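Per-entry structural report
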Amino acid sequence: MKKIAAIFVLIAELFLLNPSPATAQILTTPIKVLIVYDAPSPDQYEKLGFAYAIMLRNLVGHFNSAVDLVPIQNYTAGKVESYQATFYLGSYYNNPIPAAFLNDVNATQKTVVWFKYNLWQFAWNTAYNFNTRYGFSFVGLQGLNAPPSSSNPTPGFFDTVSYKGKSMVKYYAYDAASNSVNADPDVGITQVIDTTKAQALVTITNSKTSAQAPYIIRSGNFWYFADMPLSYIGPRDRYLVLCDILHDILGDNPVSHKALVRLEDVDALVNFGTMKTLSDYLFSKRIPFSIATIPHYMDPLGVYNGGVPEEVPLSQAGTLKTSLNYALARGGKILMHGYTHQYDAMRNKNTGVSADDFEFWNAVANTPVAEDAVTSGIIPLFSPWALGRLQAGLAEFKNNGYAKPFAWETPHYQASPLSTKAVPLAFNTTYQRAVYYTSDTPNFTATVGKDFSVGQFFPYVIKQDYYGQWIVPENLGNIEYNISAIDPFSNVVYTWQDLCLNAQYATVVRDGFASFFFHPFWLESSLAPLVTTGFSDFKSLIQCITSLGYTWTDASTLAHP
C-alpha cells in the first residue's frame with residue numbers, strides 16, 4: 001500500500017487605500033504596496049520577519065498589486081508617499097524603529113497597517129500626540145496569564161478572535177517533557193478613547209479570564225493588528241480574518257464562494273473501478289473536478305513489485321489512460337502532479353515510490369536536492385534540472401494525445417526555491433499550497449541569521465506569489481484514515497466532518513473557497529476492514545459543502561488568463 005500523504009498542517013516554522021467596491025473593480029493600475037519588516041542583525045530571528053513579509057506579500061498578490069519588501073532599518077524618509085498602503089510587521093520585540101518611519105507614519109494620509117510589536121515606540125512618544133490624533137491608546141503587551149507547568153499546562157492567554165460569528169482559537173501546544181510552549185501568545189492591548197476617531201473592528205478574548213480587547217483597531221488611515229496573524233496559521237485561525245480584512249484595506253470584492261474538488265495521486269497503479277465510481281458520482285451531481293495526474297510511475301526499489309524495480313511511462317500505463325479518458329468525458333480536467341512524484345532511487349523519505357515521496361526537495365536531509373547545487377559560483381535564477389522534469393512530464397502528455405494540463409501541483413506541496421522558480425517557465429497556473437524560504441539556498445542549521453521556511457495555504461486565488469506563481473487554492477485539506485496496520489506511513493486521521501468545519505470557517509472570507517482533494521484509493525476493497533466508508537464520506541463532504549452555499553467550479557476556469 002502506497003503511503004498516504006499526511007494532512008499538510010500549515011503552521012509557520014517556530015512557533016491605504018479603501019476604495020468603494022465600484023472603484024475597486026475598475027482599478028487597472030496595480031496598487032503599490034510597501035511591506036516593511038523587522039530584520040535584527042546579528043540574531044537567530046533575523047530572517048523571521050522576512051518570512052512573514054513573504055506570506056503577507058503572497059496574500060496581497062490576490063489583488064491587482066505591485067509589492068516591495070524592505071527591512072525596517074533600510075527605510076528612507078518619504079518612502080510611504082510612493083505607495084497607497086504600507087504594512088509594518090512588528091515581529092521582533094523592541095526592534096528599533098527609525099525616526100524617519102515614525103515621522104512619515106505620523107504625517108502621511110496614506111494607509112498604514114501596523115502589526116503587533118513596537119507600537120509603543122510611536123504611541124508613547126509625546127512628540128506624536130498619538131492618543132489625541134488617533135483616538136486610542138496603546139496600553140501594553142499581554143502574554144500568558146502565568147508560566148506554564150506540568151501542573152498548569154494551559155494557563156491561558158488572549159487566544160480567541162471573534163469574527164463573523166466564528167471563534168478562531170490561536171494555536172497552543174505545551175511539551176511537558178521540556179516544559180516548553182509552541183505558541184505566539186503576545187498581543188498588544190489597546191483602548192478606544194474617542195469613538196469619533198477610532199473603532200475596534202474585531203475583538204480578542206482571554207478564554208481563561210474572559211477579558212476582551214480590540215484585535216483590529218482602525219483610526220482613519222491607520223490600522224493596528226494586536227498580534228501576528230501569520231504565525232501558526234490554520235484553517236480555523238485568525239489568519240482568515242486577515243485574509244478577509246485585506247479587502248477593506250486594499251479594495252473590496254463582492255461576496256462569492258466557490259468550491260473545488262480534486263482527485264489526487266492518480267498514476268499508473270490507479271484502480272479504474274474507483275475512478276469510475278467517483279467520476280460517475282461527480283458527473284451525476286454536475287460537479288466539475290480535477291485529476292492530479294503523475295505521468296511517469298517509478299518504483300526504483302521494487303517496494304510494491306516484489307523487490308523488482310518498476311518503471312511505467314504514460315505510454316505503457318493502460319489503466320491510467322483508460323481512467324483519464326473516462327473522467328475527461330465526464331467533466332474532469334487534468335493537472336500535472338509532479339513528473340514522477342519521487343526522487344532518484346532513494347527513500348525520500350518513505351518508499352521511493354511515485355506518490356509516496358518528495359520529488360523536488362530532499363526530505364531526508366531537509367535541504368534542496370543535489371541537482372540544485374550551485375557549481376558555477378553564480379546563483380541561477382531557477383533550477384534547470386527541475387525545468388527539465390516539468391518539460392519531460394508535459395512531453396509524455398503530449399505524446400500520448402492529451403492536451404497540456406491546465407495547472408501544476410508540487411508533490412507534497414514542497415520544493416526548493418530554485419525548483420519552484422522553474423514552475424512559471426512551464427506552467428502559467430499552479431493549484432496547491434506552497435512552502436516559502438528566506439533564501440534561494442536555505443541554511444536552517446545556522447545559529448545566527450538562520451533561514452526559515454513557512455507553509456502557506458490560501459482561501460482565494462493568488463494572482464502572483466513571491467515566486468511568480470498564479471495559484472488556484474486548496475484550503476480544506478483531505479480525508480485521511482489510520483491504516484498503519486498495513487502501512488506504517490499512514491497513521492493520520494482527518495475526517496470529512498473536519499473538512500466540513502474548515503469549509504464553514506472559510507465562509508468568513510468574502511470570496512473564500514472550499515477546495516479539497518481526495519485519494520481514489522480510499523475506495524479500494526483491499527483496504528477493508530480498515531476503511532469501509534471512503535465513498536460515503538466523500539459524498540457526505542460534497543453534500544456538506546453544497547449545503548453551505550458554495551458553487552462548484554471548474555478549476556481550469558480559474559487558471560491564469
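This part covers the overall build of the chain. In terms of helices and strands, the chain carries 12 helices and 25 strands. For 561 residues, the compact-globule formula gives about 24 Å, and the C-alpha radius of gyration of the chain, at 24 Å, lands near that figure. Here the C-alpha coordinates of the chain stretch approximately 75 × 55 × 55 Å along the principal axes. The burial tally for the chain puts 58% of its 561 residues in the buried class. If you average the places of the 36 positive and of the 43 negative side-chain charges in the chain, the two averages end up 7 Å apart.

Okay, the confidence of the model for the chain next. Averaged over the chain, the pLDDT score is 94; the fraction of residues at 70 or greater is 94%. The spread of mean pLDDT over the elements of the chain runs between helix α1 (residues 21–26), the lowest at 36, and strand β15 (residues 289–293), the highest at 99. Note on residues 1–27: pLDDT under 50 across the span, and 99 contacts to partners over four residues away in sequence or across chains.

The next thing to look at is the nonpolar core. Within the largest apolar cluster, 107 residues are counted, with the highest numbers of intra-cluster contacts made by F87 and F222. Among the elements that make up this core, the one with the highest residue count is helix α2 (residues 48–60) (10 residues). Not counting chain neighbours up to four residues away, the residues in contact with F222 comprise V105, V112, W114, L119, F122, F130, Y134, F136 and I217. Counting residues in hydrophobic clusters, the runner-up holds 63 residues, among them V312, A327, F427 and L476.

Take unusual backbone geometry next. The step from S41 to P42 runs through a cis peptide bond, and the omega angle for that step is -5°. Within the secondary structure, P42 is located in the loop between β1 (31–37) and α2. N348 connects to K349 through a cis peptide bond whose omega is 0°. Structurally, K349 can be placed in the loop between β18 (332–336) and α9 (384–399). Backbone geometry places N129, a non-glycine residue, at a positive phi of 50°.

A separate point is the pattern of salt bridges. Applying the stated criterion across every chain, the model contains 17 salt bridges. Across the salt bridge formed by D280 and R330, the nearest N and O atoms sit 3.5 Å from each other. Linking D280 in helix α7 (residues 272–284) with R330 in the loop between α8 (318–328) and β18, this pair joins segments that are 50 residues apart in sequence. For the salt bridge of E359 with R389, the shortest nitrogen-to-oxygen distance reads 2.7 Å. Of the two residues, E359 sits in the loop between β18 and α9 while R389 sits in helix α9, which places them 30 residues apart along the sequence. Judged by its relative accessible area of 0%, E359 is buried.

So, about the environment of G388. Counting through the fold element by element, G388 comes out in helix α9. Classification of G388 by relative accessible area gives partly exposed; the value is 32%. Residues G388 and A426, spaced 38 residues apart in sequence, show a C-alpha to C-alpha distance of 9.5 Å.

This part takes up the sheet that holds strand β3 (residues 85–90). On the basis of which strands lie adjacent, the open sheet formed by 9 strands has the order β2-β1-β3-β4-β13-β12-β11-β6-β7 and mixed pairing. Two strands in the sheet have a free side with no partner beyond their single neighbour: β2 (65–71) and β7 (166–169). Neighbour-to-neighbour, the strand axes of this sheet turn through a mean angle of 25°, independent of strand direction. The strands touched by helix α3 (residues 99–107) within the sheet are β1, β3, β4 (111–116) and β13 (222–225), with β4 carrying the most contacts at an inclination of about 125°.

One pass over the full model with this rule turns up 48 aromatic pairs. Ring geometry for Y171 and Y232: centres 5.3 Å apart, planes at 10°, overall stacked. Here the residue Y171 occupies a position in the loop between β7 and β8 (172–175), and Y232 occupies one in the loop between β13 and α6 (239–250), the gap between them amounting to 61 residues. The class of Y171 is partly exposed, set by a relative accessible area of 33%. Note on Y232: relative accessible area 5%, which makes it buried.

Attention shifts here to the state of the cysteines. A covalent bond between the sulfur atoms of two cysteines is what we call a disulfide. For the coordinates displayed, the defined rule picks out 1 disulfide. A disulfide bridge connects C500 with C544, and the sulfur atoms are separated by 1.9 Å. The disulfide joining C500 to C544 has a torsion of about 75° about its S-S bond and is therefore right-handed. Of the two residues, C500 is situated in helix α11 (residues 496–506) and C544 in helix α12 (residues 534–547); the sequence distance between them amounts to 44 residues. Its relative accessible area of 10% is what places C500 among the buried residues. Judged by relative accessible area, C544 falls into the buried class, the value being 9%. C243 carries a free sulfur, and the closest cysteine sulfur to it, the one in C500, is 20 Å from it. Taking relative accessible area as the criterion, C243 reaches 0% and is therefore assigned buried.

Where α11 contacts α12, the axes come no closer than 9 Å and their chain directions differ by 15°. For the element pair α11 / α12, the angle class is roughly parallel. In this structure, the crossing between α11 and α12 has a hand that is right-handed. Two secondary-structure elements touch here, α11 through W496, L499, C500 and A503 and α12 through D537, S540, L541, C544 and I545. Of the residues contributing to the contact of α11 with α12, the split by class is 7 nonpolar, 1 polar and 1 charged.

Here we take up the pairing of strand β12 (residues 212–219). For β12, the tally of buried residues reaches 6 of 8 residues, placing the bulk of the element in the interior. Joining the antiparallel neighbours strand β11 (residues 199–206) and β12 is a turn of 5 residues, in which S210 adopts a positive phi near 70°. Summarising the sheet, β12 and β13 pair through 4 bridges and their orientation is antiparallel. Paired with I216 across the bridge in β13 is F225. The turn linking β12 back onto β13 is made up of 2 residues, and G220 within it adopts a positive phi angle of 60°.

Rules used in this analysis
Residues numbered from 1 in each chain as written. Predicted model: local features only at pLDDT ≥ 70, side-chain atom pairs only at ≥ 80, totals over all residues. Heavy atoms only, no water. Helix = DSSP H or I, 4+ residues; strand = E, 2+ residues; numbered from the N terminus. Rg over C-alpha atoms; globule rule 2.2 N^0.38 Å. Buried < 20%, exposed > 50% of the residue type's maximum accessible area, 1.4 Å probe, protein only. Lys, Arg positive; Asp, Glu negative; His and termini not counted. Charge placed at Lys NZ, Arg CZ, Asp CG, Glu CD. pLDDT = per-residue confidence, 0-100. Contact = heavy atoms within 4.5 Å. Core = buried A, V, L, I, M, F, W, Y, C linked by side-chain atoms within 4.5 Å. Salt bridge = Lys/Arg side-chain N within 4 Å of Asp/Glu carboxyl O. Pairing = 2+ DSSP bridges. Axes fitted to C-alpha atoms, helices over the stretch in contact; angles between N-to-C directions. Phe/Tyr/Trp six-rings, centres within 6.5 Å; stacked < 30°, edge-to-face > 60°. Disulfide = S-S within 2.5 Å. Parallel < 35°, antiparallel > 145°, perpendicular 65-115°, else oblique. Left-handed = near helix turned anticlockwise from the far one by under 90°. Nonpolar A, V, L, I, M, F, W, Y, C, P; charged D, E, K, R; others polar.

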